[in-house]
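# Close look at the chain arrangement
Here are the chains, one letter per residue:
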Amino acid sequence: MIGRWDIDITFGDGSKRTVRFDAQEAGKGTLLVVDPRLKVWGPGKPSEAKWTREDQNAVTFTGPVEFMLGNVGRDAGMLICKGKFESADVITGEVEFAPLVGERPSKHGTFKATRTQ
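Described below are features of the structure shown in this document.

## As for the packing of aromatic side chains
- The final tally for this structure, using the stated rule, is 5 aromatic pairs.
- Through a chain of ring-to-ring contacts, three or more aromatic side chains come together here, namely F11, F67 and F97.
- One Lys or Arg, K107, reaches over the ring of F11 and ends 4.8 Å from the middle of that ring.

Shown next as structure tokens:
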């Protein structure tokens, strides 16, 4: 699990997001939103994340992220990815984004994580 992963997320409403997950030892790591629109606000900042191996094939990683909303705002929430290894360098599974502000429902979808380092 340790290494850099590019995570492509597709939510149920068809919206797509990309996040980079740097998995470190002892279940620690960082999440960084990858969005070309961030150049308007300055580079994104990584947030602390955690990962756990459920068994040899299943893994969960979670952490706070802020997705861009148009070019004027950010949608802060907790990202939860639960997946299985398809190979040593590919994980696929389900994702949930739970907003931290307001009374909005969580967004659900799928993800594919590919090891890049």
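## Brief notes about the nonpolar core
- Of all hydrophobic cores here, the largest spans 24 residues; its most connected members are M1, F21, F61, L79, I91 and F111.
- Contributing elements (two or more residues each) for this core: β1 (3–11), β2 (16–23), β3 (28–34), β4 (47–53), β5 (58–69), β6 (73–87), β7 (90–99) and β8 (107–115).
- With near-sequence residues (within four places) excluded, L79 lies in contact with I9, V19, L31, F61, T62, G63, V65, F67, V95, E96 and F97.

## Section: the sheet that holds β8
- In space, the 8 strands of this closed barrel follow the order β1-β2-β3-β4-β5-β6-β7-β8, with antiparallel pairing throughout. In this sheet, adjacent strand axes meet at a mean angle of 30° when their direction is disregarded.
- As paired strands, β1 and β2 are joined by 8 bridges and run antiparallel to one another. Considered in β2, the bridge of W5 is made with F21.

Criteria and thresholds
Residues numbered from 1 in each chain as written. Predicted model: local features only at pLDDT ≥ 70, side-chain atom pairs only at ≥ 80, totals over all residues. Heavy atoms only, no water. Phe/Tyr/Trp six-rings, centres within 6.5 Å; stacked < 30°, edge-to-face > 60°. Lys NZ or Arg CZ within 6 Å of the ring centre and 35° of its normal. Core = buried A, V, L, I, M, F, W, Y, C linked by side-chain atoms within 4.5 Å. Buried < 20%, exposed > 50% of the residue type's maximum accessible area, 1.4 Å probe, protein only. Helix = DSSP H or I, 4+ residues; strand = E, 2+ residues; numbered from the N terminus. Contact = heavy atoms within 4.5 Å. Pairing = 2+ DSSP bridges. Axes fitted to C-alpha atoms, helices over the stretch in contact; angles between N-to-C directions.

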